[in-house]
Structure formats: structure tokens, C-alpha cells
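Residue-level structure breakdown
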Amino acid sequence: MRVMSGSPWWRNAVIYQVYLRSFADGNGDGTGDIAGLRSRLSHIRSLGVDSIWINPWYRSPLRDGGYDVADYRSIDPRFGTMEEATEMIKEASELGLRTLLDLVPNHTSSVHRWFQEALSSPPGSPPRHRYHFRPGSGTDGTRPPNNWRSVFGGPAWTRVPDGEWYLHLFDASQPDLNWANGDVRAEFREIIRFWLDRGASGFRVDVANALDKDPLYPDVSSEQDHMIIAAEGADHPFWDRDFLHDVVREWRSVVDEYPGAMLIAEAWVSSWERLALYLRPDEYHQAFDFRFMLLPWDPEVMKEAIDTALAGAASVGSVPTWVLSNHDVVRHVTRYGLPSVPDARDWLLDGDRSLLDEEAGLSRGRAATLLMLALPGSAYLYQGEELGLPEVHDLPVEVLDDPVWDRSGHTEKGRDGCRVPIPWSKSGESFGFGSDGSWLPQPEGWGGLSAAAQEGVPGSTLELYRTALEVRRTHLSGDESLEWVESDPTVIAFRRGGDVTVLVNFGQSPIPIPQGRILFSSDDLPDGMLPADSAVWVARAP
Ligand code: NOJ
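Fair warning: this is a prediction, and the values are worked out from it, not measured in the lab. (Residues numbered from 1 in each chain as written. Predicted model: local features only at pLDDT ≥ 70, side-chain atom pairs only at ≥ 80, totals over all residues. Heavy atoms only, no water.)

**A short note on the packing of aromatic side chains**
- All chains considered together, the criterion is met by 30 aromatic pairs.
- With a centroid separation of 5.2 Å and an interplanar angle of 20°, the aromatic rings of Phe288 and Phe290 are classed as stacked.
- Put simply, the rings of Trp57, Tyr58, Tyr72, Trp179, Phe188, Phe194, Trp195 and Trp251 pair up and form one aromatic cluster.
- Note that Arg21 overlies the ring of Trp439, its terminal NZ or CZ placed 3.8 Å from the centroid.
- Seen from the ring of Tyr336, Arg335 lies directly overhead, with NZ or CZ sitting 5.5 Å from the centre. (Phe/Tyr/Trp six-rings, centres within 6.5 Å; stacked < 30°, edge-to-face > 60°. Lys NZ or Arg CZ within 6 Å of the ring centre and 35° of its normal.)

**So, the domain arrangement of the chain**
- Segmenting the chain into domains produces domain 1 (9–106 + 182–391 + 424–454) and domain 2 (482–539).
- For domain 1 and domain 2, the distance between their C-alpha centres works out to 29 Å.
- Taken together, the contact pairs 19 residues of domain 1 with 19 residues of domain 2.
- Buried area between domain 1 and domain 2, summed over both chains or domains, comes out near 1,600 Å², and the portion from carbon and sulfur atoms is 72%. (Domains from an automatic or database assignment. Contact = heavy atoms within 4.5 Å. Buried area = accessible area lost by both parts, 1.4 Å probe.)

**Re the nonpolar core**
- Ranked by size, the top nonpolar core spans 143 residues in total, and within it Ile44, Trp57, Met88, Trp195, Trp251, Tyr284 and Trp537 carry the most contacts.
- Looking at this core, you find at least three residues from each of domain 1 (9–106 + 182–391 + 424–454) and domain 2 (482–539).
- Among the nonpolar cores identified, the runner-up in size contains 15 residues, and Phe152, Ala156, Leu167 and Tyr217 belong to it. (Core = buried A, V, L, I, M, F, W, Y, C linked by side-chain atoms within 4.5 Å. Buried < 20%, exposed > 50% of the residue type's maximum accessible area, 1.4 Å probe, protein only.)

**Re the packing of helix α12 (residues 358–374) against helix α15 (residues 461–476)**
- The contact between α12 and α15 brings their axes to 10 Å, and the two run at 20°. The orientation of α12 with respect to α15, classified from their angle, is roughly parallel. In terms of crossing hand, the pair formed by α12 and α15 is right-handed. Mapping the contact onto sequence places Leu362, Arg366, Thr369, Leu370, Met372, Leu373 and Ala374 in α12 and Thr461, Leu464, Tyr465, Ala468, Leu469, Arg472 and Leu476 in α15. (Axes fitted to C-alpha atoms, helices over the stretch in contact; angles between N-to-C directions. Helix = DSSP H or I, 4+ residues; strand = E, 2+ residues; numbered from the N terminus. Parallel < 35°, antiparallel > 145°, perpendicular 65-115°, else oblique. Left-handed = near helix turned anticlockwise from the far one by under 90°.)

**Side note on the side chain of Thr31**
- Structurally, Thr31 is set in the loop between β1 (14–18) and α1 (34–39).
- Apart from the residues within four sequence positions on either side, Thr31 is in contact with Arg21, Asp25, Phe79, Phe433 and Trp439.

**Comments concerning the site of the ligand**
- Residues in close proximity to the ligand total 13 residues, the closest being Asp64, Arg204, Asp206, His327 and Asp328.
- Note that an oxygen atom of the ligand is positioned 2.6 Å from one of the side-chain N or O atoms of Asp64.
- Here an oxygen atom of the ligand sits 2.8 Å away from a polar atom, N or O, in the side chain of His327.
- A total of 290 Å² of accessible area belongs to the ligand in isolation, and the protein chains cover 97% of it.
- By residue class, the composition of the shell around the ligand is four nonpolar, two polar and seven charged. (Near = heavy atom within 4 Å. Polar contact = N/O pair within 3.5 Å; in protein donor to acceptor, adjacent residues only side chain to side chain. Areas by Shrake-Rupley, 256 points an atom, 1.4 Å probe, with all protein chains shown as cover. Nonpolar A, V, L, I, M, F, W, Y, C, P; charged D, E, K, R; others polar.)

**Details of the pairing of strand β15 (residues 491–496)**
- Counting buried residues along β15, five of its six residues qualify, which places the element largely inside the surrounding structure.
- Of the strand pairs in this sheet, strand β14 (residues 482–484) and β15 are connected by three bridges, and their pairing is antiparallel. Bridge pairing in β15 places Trp484 opposite Phe494.
- In textbook terms, the turn of a hairpin is the stretch between consecutive antiparallel strands, and for β14 and β15 this stretch comprises six residues.
- Both β15 and strand β16 (residues 500–505) contribute to a ladder of six bridges, which runs antiparallel. If you follow Val491 over to β16, its bridge partner there is Asn505.
- In textbook terms, the turn of a hairpin is the stretch between consecutive antiparallel strands, and for β15 and β16 this stretch comprises three residues, one of which, Gly497, has a positive phi near 60°. (Pairing = 2+ DSSP bridges.)

**Considerations on the pattern of salt bridges**
- Under the counting rule described, the total for this entry stands at 37 salt bridges.
- For Lys90, the salt bridge goes to Glu87, with nearest N and O atoms at 3.6 Å. Taken together, the residues span about one helical turn, with Lys90 and Glu87 both in helix α3 (residues 82–94) at a distance of three residues.
- For Glu87, a relative accessible area of 29% puts it in the partly exposed group.
- In this structure, Glu257 and Arg193 form a salt bridge, with 2.8 Å as the shortest nitrogen-oxygen distance. (Salt bridge = Lys/Arg side-chain N within 4 Å of Asp/Glu carboxyl O.)

**Considering the sheet that holds strand β18 (residues 517–521)**
- Taken together, the five strands give an open sheet; going across it, the order is β14-β15-β16-β20-β18, and neighbouring strands pair in antiparallel fashion. With one partner strand each, in any of the chains shown, β14 and β18 form the two edges of the open sheet. Neighbour-to-neighbour, the strand axes of this sheet turn through a mean angle of 25°, independent of strand direction.
- On top of the sheet, helix α9 (residues 299–315) reaches β14 and β15; it is set at about 145° to β14, its chief contact.
- In this fold α15 packs onto β15, β16, β18 and β20 (534–539), with an angle of close to 140° to the strand it touches most, β18.

**Focus on the sheet that holds strand β12 (residues 321–323)**
- As summarised here, the arrangement of the eight strands in space is β11-β10-β9-β5-β2-β1-β13-β12, forming an open sheet in which the pairing is parallel. Either end of the sheet is taken by a strand with one partner, and the two such strands are β11 (286–287) and β12.
- As paired strands, β12 and strand β13 (residues 378–382) are joined by three bridges and run parallel to one another. By the bridge assignment, Val323 is partnered in β13 with Tyr380.

**Points about unusual backbone geometry**
- One non-glycine residue with positive phi stands out, namely Tyr217, at about 45°.
- Assignment of secondary structure puts Tyr217 in the loop between β9 (202–205) and α7 (244–255).
- For Tyr217, a relative accessible area of 14% puts it in the buried group.
- With a phi angle near 60°, Asp533 is a residue other than glycine that sits in the positive phi range.
- Within the secondary structure, Asp533 is located in the loop between β19 (529–530) and β20.
- With a relative accessible area of 12%, Asp533 lands in the buried category.

**Examining the packing of helix α6 (residues 182–197) against α7**
- Taken N-terminus to C-terminus, the directions of α6 and α7 make an angle of 30°; their axes are 10 Å apart at the nearest point. Here α7 runs roughly parallel to α6, going by the angle between their axes. When the axes of α6 and α7 are compared, the crossing they make is right-handed. Contacts from Arg185, Phe188, Arg189, Ile192, Arg193 and Leu196 in α6 reach Asp246, Val247, Glu250, Trp251, Val254 and Val255 in α7.

**A closer look at α6**
- The first and last C-alpha atoms of α6 sit 23 Å apart over 16 residues, in line with the 22 Å expected at 1.5 Å per residue.
- Every buried residue belonging to α6 is among Val184, Arg185, Glu187, Phe188, Ile191, Ile192, Phe194, Trp195 and Leu196, and all of these are buried.
- Capping the start of α6, Asn181 holds a side-chain oxygen 2.8 Å from the backbone nitrogen of Asp183, two or three residues further along.
- Of the residues flanking the end of α6, it is Gly199, one or two places downstream, whose phi is positive at about 100°. (Expected span 1.5 Å × (residues − 1).)

Written as C-alpha cells, this is what we have:
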């Protein structure tokens, strides 16, 4: 399908995710901030992306990295000021970069004024109705109202001094809002407007699939796992329930008042049939489909996931979104350097370090990038992947900050290893991240991966990303079609726009490259062959 001129910007966009506290530290307190981001906007611009998405920067105790918002209309002082935020959005826009923010509607921080008001109000009062307060179970109410578990581990309920319990699907410092409450609904319409008025181009919506809770609060049955993605259909007591779509329609009507603004859902659902519901014309513009990101380095399952995503998105006139890494998962060059079993997250805790093949992981990660950027739809890059940063798997447990570590009873190491501050320079204090340390320790030798070390170096991962994005713009932006090319089962091969053939070699030996003009490849091509764990883009010979 040819892209119509006037097609919305996001359909083919590449969006760069900024995890602000680990990006660049402008004021030397060890935490990344808006000043640091402003000083590095040129780096993002030089990649050739269309937009940035900034993880929550609102006032927050940072118990969950800012996904515990205390005030949705202010900037956390550690990150800067409102003035700096609006200046940043303006500067980015002058560089041709749109800014997406992170909307966190499922829960507030427990220090949010609403929750504080709820705590000091009696059971049954209107302030309590903005959250999910329930009496406990058991004869004296000392047991939680039901068996729901927090995604981070442990019960999803915490008791307050007057005996009631409140719901938190994440940390106890993140009480869930009640979306059946009129105040909550009105408030978020205004929050959306507040940021769009300040120049934001839309929102990535956090936990978009959990806004509705069954008002009867039934136990989760044994078949209905607590895992986010396990909910099948619309009958789970808190995942992916149908009522939440009413809320989305309200937001969409506000967003539609701002030309070019968009909403993308973080919605972990069981199937494309369910995901497609979020993409109806009056709901989200896009939804993350994380299946591709979760797959091992395997051509068969990856091809299948691509096909499913293309068909699913097409069924609602949308395009897929592709992601390899983000702030919640083990970085992809590390994932691909591990055998598919055990799960990389389990391996972080106490896995056999000799299982990790760093060289293969990097080659595969680079090839996966070429694969992803050749696919129709939009792609989300996570800061540092353009430097080939691996997961920092050996962070000492004393420095771990992710609530998952404690809430899982120290059985899951959590997500800090993909959040280690970016190395900008080859040497010096925190490799150029800031002037006085970094909130998570960077590994020795991190300078060799820094932006400065890779700048202008042919074959570096940084230059690979820049070239890939440039070639994508030149050759792949005018068309949304994909045609599979028959190939060996150890190869993924397809044609885009009738012009570019993409080949990814998952096998052990080099394979021949089709005739044509080689646009670029993820690796050298000895003897004109595509080595194992590599990808190439070839244009039809003129
Ligand atoms: C998803 C976010 O990506 C993650 O970082 C956060 O912990 C949870 N939602 C809870 O807000």
C-alpha cells in the first residue's frame, strides 16, 4: 500500500525514548534532567528520528522511576522547572522533533494530594471513591479483600490504620485510581489539555489495559493468571476490560482538538483481536505490540510475529509499532547473546555468566535493528541502543532502586540494568553523563561504548543507526507494503516497496546476497556474502 500524502506523521515515525534520569545530568547531582536533555538534543537530532518520548518527568518521590506521580502539572525539581520543560519542547520542535510525554492514569503516587485526602477521610467518603478502598476479608477484616497480586510481587492491597485496604497493582506507593469516578475522569482530560497546550504532541499511556476494575472485586481464578498478558478476553477482573474504552474515547476527543497530536497505548493484551479494539478510529492512534520484543533470536517465531502484527494492524487500518528495548526489559544485545532459555530476567539474578556470548549478542542486536527499521510502521528506540549498550547485569544489589527487587522478595533483580546512565565521553567523570557521579554506577570500560568513541567511526553502532535511519527515510518512507521472499528457513527475507530487499541471516554460515546495489549492512560482507547474525538492505539494480 502506498502511503498517501498527508498521512499522519506517526505512521512511519521513528521515536526515541528518553529515560530522563539516565540520559544526561545538567546540574551535577547524579540524576539526568531537562538541562542535560537540552544539551544533548543535537545527538538525538543527528540520529534522524522524528520524535522523542520522555518517561514521566512530573513531581514524584521516584519510588518507581517517576511512574508514581505526585502532581501531573509540575516538573520534579530534580529534573528541572516548568519553564525548562516548555523551552525544551520548543527547542526540540525547532529541530524537527516532536515531544511525546508519558501519561500515568492507572495510579498516582501515595503522596498525591488526592490520596492524602483519601487517607484523612472516612471510609465511604468521596475522596476515598477516587481510589479503590475496600474492607478486608476474614472475620475481622485483617486479610486483603481478595487474592489479587501486585505486578511487582506481593499482595495488591495495603491496609490503612482505620482498617480499610487500598488497591495497588504495582508498588504500595502507587494506589490505583478509580476510573468509575467523575473527578478522575475530568482531571485527566484537563491534564491532557495542560500538556498539549504546552506544545506536547501526545502521550504514551502507561498501563492502558488496567483502568477498569471489576466493581465486585472477585478473586482471580486459577485459570486467570495474574500475568499482564495472560488475560484472555474481557472477563478478567482488572486486565483489558471493555469499559476502559469509554475513557479512551473521552481522551481522544480532547486530543483531536490538537492537530497532529497522538496517543499510543502501553497495552499488554492477549491477542491482536484484543489490541485492535484499542485502535478503533475514536481511540488510540497506536498501541505497542510487545510480542516481537519478547522473542528469542529465531527466524520462525520472529517472522510469524511480524505477519501477525501486520495483519492485526491492517485489520483496523493502522500500522504496527516495533520495539526491541525499553526501560522495562533486558537490553536486546544482551537478550540475543543468551540462549532463549532461561528467561533473561531470571538469568540476571543468578544465571550462569558463561552463557552470555556478548559478541553474538551485539551482532544479532545490530541485525535486529536493521530488520526492525525495514518493517512498515513506526519504530521506538530506547536511549543507548544506538551505542549498542548491553544490560548491566552485575549491578551490586545494594544499588538497586527498582521496587521489583524488594517486592519480589529478592527473587527478581528488576529493571535497573537497562537504566544505567549513558556514557557520552571516552573518559572522565561518569563518562560525560554529569559532573558528579551517576545515580547508578556505570561499568568500567563504558567509555569505549560512549557516543564520543563511536562518533564518525565507520561500522560503529552509532553510525549504523544513523545510516539505517537515513536509508529508511530515502527508500522506505513512501510505502507500507511488505512482500516475503522465499528463503531458507534460517533466513528472513522480504521486499519493501518493490525496490528494497532485506535479508537477515540467522544461520551459522554466510549466504549469498541477491543482485542489486547494497545500501548497507549490519556487518562487513567478506567475499560479498552475508555472514551469520547479520542483515543487509539491497536496492534493485537500476
Ligand atoms: C509500565 C512502565 O513502563 C513501568 O516502568 C512502570 O513500572 C509500570 N508501568 C507502572 O507504572
